[in-house]
2 protein chains.
Amino acid sequence: MTAVDSARRIWTDCILVGGEQGSVPLRDAAIVTAEGRIQWLGPAAQLPTALGQGAARHSLGGRWLTPGFIDCHTHLLFGGQRAAEHAMRARGASYEDIAARGGGILSTVRATRAASDAQLLRAARVRLRALQAEGVTGVEIKSGYGLSLPAEERLLRLARQLGADSGLDIHATFLGAHAVPPEYAGRADAYIDDLIREWLPHLAAAGLIDSVDVYCESLAFDVAQSLRLLRAATALGLPVRMHAEQRSNIGASQLAASCGALSCDHLEYTQAADIEALARAGTVAVLLPVAWHVLRDTQRPPVDALRTAGVPLAVATDCNPGTAPGESLLLALHLAVRDFGLRSDELLASVTWHAARALGWQARRGNLAVGAQADFAVWNIDSLDELGYWVGHNPCAGTVVRGQPDARLAQEINA
Amino acid sequence: MTAVDSARRIWTDCILVGGEQGSVPLRDAAIVTAEGRIQWLGPAAQLPTALGQGAARHSLGGRWLTPGFIDCHTHLLFGGQRAAEHAMRARGASYEDIAARGGGILSTVRATRAASDAQLLRAARVRLRALQAEGVTGVEIKSGYGLSLPAEERLLRLARQLGADSGLDIHATFLGAHAVPPEYAGRADAYIDDLIREWLPHLAAAGLIDSVDVYCESLAFDVAQSLRLLRAATALGLPVRMHAEQRSNIGASQLAASCGALSCDHLEYTQAADIEALARAGTVAVLLPVAWHVLRDTQRPPVDALRTAGVPLAVATDCNPGTAPGESLLLALHLAVRDFGLRSDELLASVTWHAARALGWQARRGNLAVGAQADFAVWNIDSLDELGYWVGHNPCAGTVVRGQPDARLAQEINA
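Note that the structure is predicted; figures quoted are calculated from it, not measured. (Residues numbered from 1 in each chain as written. Chains lettered and ligands numbered in written order. Predicted model: local features only at pLDDT ≥ 70, side-chain atom pairs only at ≥ 80, totals over all residues. Heavy atoms only, no water.)

### Here's the deal with the confidence of the model for chain A
Residues and elements named next belong to chain A.
Item 1. Looking at chain A, the pLDDT average stands at 95 and 98% of residues meet or exceed 70.
Item 2. pLDDT under 50 marks residues 1-5. Its contacts with residues more than four places away, or in other chains, come to six contacts.
Item 3. Here the complex is predicted with pTM 0.96, and the ipTM for its interfaces comes to 0.95. (pLDDT = per-residue confidence, 0-100. Contact = heavy atoms within 4.5 Å.)

Here it is, written out as structure tokens:
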């Protein structure tokens, strides 16, 4: 008798779909995981006998198995909430009215600076647990509610700590260029100077930055400021991304594409030339339908044109207290179908294969392939249509993270 | 020493709001429960000493406490799902296209008839658990996916069983008049005849009906048919309610008001004279924003006019596989603010005090008053604005059902 190798597991009686294999499900499948990676996958009938020996076997009871979902755009480390602003918006208040009453990003900067590490971690863990309950195993977290060097460093360190605590993969994005901090009011160029001269090198040297983002918009940083920052990031070897064309078009996504950005996010006002640039650069378009919904936007991102141009389409929650106060990636998918016209066969890639690429993770995550990290979501569904169908219902049975089932899945399958 | 009376509990360090007391929170409050009912409530400093002695004390840590939420309009006992229809709708298919391909209510009737009791109960329990996780302690469940006497009787019995199993309060509504069953195709009048002559008396005598509903709409049952059915129900002493004016106005809510209906539900096409009739009859208007959202409706219920006329406004999930596939009452509240213009101070009553009235429950439920059932929801919130703010986030810490904390709340407060 070979002893059971606790590090090796065979997941059987499942329907595999996702990653390189596209959206065609493989029924009666099996998948072998060892040391946190996929060792083999294919039709169960073709499972090599040698692989089967001595491994722990888990029947998934006919459920669907996809790559673990990846939420590739969040601001989930924040203090406080902005419900009063939301109620004002429902009564017709404009962005300007809200800002004039002390609302907007800077109100969350105040609340975040005032919160203790423990308070921020507690709230963020609730959000990460809710994401994981819907199949998410990888999450991007942006800084940008600190806006001083120590406060930004704290947020990036807390993001690292959340990764270590939760077991989930966390991609930490430096978004110092989220808004001009009160200390630099009226001096946006000086702020960008300091980011380039001091903050970026310090935070990068500390290993706290996985990518650099900038809010390039008429009400935030202009194209020249954004370009200076992204060039400095690139010079430090850091990947870049951009909040682009949510409210207007000032040339953000063409700039991002020229810098080889991993992703451009929002894109409501993106035009034909921008789309060509994104396609040429291989930049992922990250759609954020929850923010669109909450802001009552009417301008939709040009999904048909992006699709036709071959730009990879990702969907994310945008979790943040102002414009997307929640953490349901399934709700984002529902809205991506309803409001942006995504097709069912595009949904899965948008939160796995393409979302991984938006974070530079495509070599190891968001995929079902030998050698990929063994991060899965397991689903009580009958078709991929269900990913955009339910609204306020979670058909996820649990996740596997680096080959280990979470507590809920373990209970469900008696693992 | 007095022994601890396990049936008597004092909940302290909480902010009470809801029911008769409206939307003004009472801070530093205490509430005493015994034998499943509220025995006392008020400022903690005024708690009578005698009541405090020998009772179990639970600090709620400054959290908000409201009446348990009531979801007063659901069709949550159903088999299958209709995700393919939803994907068709996203690609532009009309109601008629979908029906022509075998979709719509009758496809769920087929799936529900084909499902075993165990399958239906398993799916319904998932939905009830999700509702309770958001603070819901009372739920209306309609039949209407059986559409034969034995199949309707089965659904109503399963609704009773769900009440017994879950510990939640279930109001079972007979909705035989949901659609004309295939066995009566083209013979709607004959179907209503049989409902009146045989089905209603049989099911009422078995004690399975708490109220009778009818889908009064040009594509379902007309005013004459609906009136006959509701009169028969009333003659049997059964309360009535109505699906009214979702797609058109054929006089449904005036008819319902003339029968003293507990509620009229949907009301997108309701007009001034209808609103006067509802106000005079004391009928509750149940708004169903999730269905409105899923169907991409543009005609909004006349909320301002209903409010001005003093019609009580309730909000419910409408949980059903065709037009509201989910079970998040908080999402319904979010949409009620965004799409229907409800105010934050109206949200709480819409899912407690007014929802209770829609089910004839106002004497004992949906209220914080001495003698009321001790059903509470406990919240990690700072204001009532938060009830309509979060979208895909659940700030509920747990529920108390007839004086007992659920497992999640017990863990949260170490009870």
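### Overview of the interface of chain B and chain A
Item 1. Listed as interface residues are 35 residues of chain B and, on the opposing side, 35 residues of chain A.
Item 2. Between chain B and chain A, a total of about 3,100 Å² is buried, with carbon and sulfur atoms accounting for 60% of that surface.
Item 3. If you look at where chain B meets chain A, you find zero salt bridges.
Item 4. For the side of chain B that touches chain A, the elements supplying multiple residues, two or more each, are α2 (83-90), α11 (289-294) and α13 (329-340) of chain B.
Item 5. Looking at the side of chain B that touches chain A residue by residue, the class counts come to 16 nonpolar, 12 polar and seven charged. (Buried area = accessible area lost by both parts, 1.4 Å probe. Salt bridge = Lys/Arg side-chain N within 4 Å of Asp/Glu carboxyl O. Helix = DSSP H or I, 4+ residues; strand = E, 2+ residues; numbered from the N terminus. Nonpolar A, V, L, I, M, F, W, Y, C, P; charged D, E, K, R; others polar.)

### Looking at the environment of Gln21 of chain B
Residues and elements named next belong to chain B.
Item 1. Secondary-structure assignment places Gln21 in the loop between β1 (5-16) and β2 (26-34).
Item 2. Exposure remark for Gln21: the relative accessible area of 38% places this residue in the partly exposed category.
Item 3. Between the C-alpha atoms of Gln21 and Trp353, which are 332 residues apart in sequence, the distance is 10.0 Å.
Item 4. Setting aside its immediate chain neighbours within four residues, Gln21 contacts Leu41 and Leu368. (Buried < 20%, exposed > 50% of the residue type's maximum accessible area, 1.4 Å probe, protein only.)

### Some points on the pairing of strand β6 (residues 136-142) of chain B
Residue and element names in this part refer to chain B.
Item 1. Most of β6 is tucked away, with seven of its seven residues classed as buried.
Item 2. The sheet contact formed by strand β5 (residues 69-71) and β6 spans three bridges and is parallel. When the sheet's bridge partners are listed, Ile70 is paired in β6 with Gly138.
Item 3. Relative to strand β7 (residues 169-177), β6 runs parallel, the two being bridged by five bridges. Opposite Ile141, over in β7, you have Ala172 as the bridge partner. (Pairing = 2+ DSSP bridges.)

### Section: the relation of the copies chain B and chain A
Between the two copies of the chain lies a relationship made up of a rotation around an axis and a movement along it.
Item 1. Rotating chain B by 180 degrees and translating it 0.0 Å along the rotation axis places it on chain A, where the RMSD comes to 0.0 Å. Look at the turn and shift together and you get a two-fold axis relating the two. Within chain B, Gly392 of chain B has its C-alpha nearest the rotation axis, a separation of 3.7 Å.
Item 2. Taken together, the interface assignments show that 100% of the residues at the interface of chain B recur at the interface of chain A, consistent with an identical surface on both copies. (Least-squares fit on C-alpha atoms with pLDDT ≥ 70 in both.)

### Some details on the packing of aromatic side chains
Item 1. Applying the stated rule across the entire model yields 14 aromatic pairs over all chains.
Item 2. Taken together, the ring pairs connect Tyr184, Tyr191, Trp199 and Phe221 of chain A into an aromatic cluster.
Item 3. The ring of Trp361 of chain A is capped by Arg365 of chain A, whose NZ or CZ atom sits 4.4 Å from the centre of that ring.
Item 4. Arg127 of chain B extends its terminal NZ or CZ atom over the ring of Phe78 of chain B, reaching a point 3.7 Å from the ring centre. (Phe/Tyr/Trp six-rings, centres within 6.5 Å; stacked < 30°, edge-to-face > 60°. Lys NZ or Arg CZ within 6 Å of the ring centre and 35° of its normal.)

### Focus on the packing of helix α5 (residues 117-133) of chain B against helix α6 (residues 149-166) of chain B
Residue and element names in this part refer to chain B.
Item 1. For the pair α5 and α6, interaxial distance at closest approach is 11 Å and the crossing angle is 50 degrees. When the axis of α5 is compared with that of α6, the two are oblique. Read as a crossing pair, α5 and α6 show a hand that is right-handed. Across from Asp117, Leu120, Leu121, Ala124, Arg125 and Leu128 in α5, the residues of α6 making contact are Arg154, Leu155, Leu158, Gln161, Leu162, Asp165 and Ser166.
Item 2. Each residue belonging to the contact of α5 with α6 can be placed in one class, and the counts come to seven nonpolar, two polar and four charged. (Axes fitted to C-alpha atoms, helices over the stretch in contact; angles between N-to-C directions. Parallel < 35°, antiparallel > 145°, perpendicular 65-115°, else oblique. Left-handed = near helix turned anticlockwise from the far one by under 90°.)

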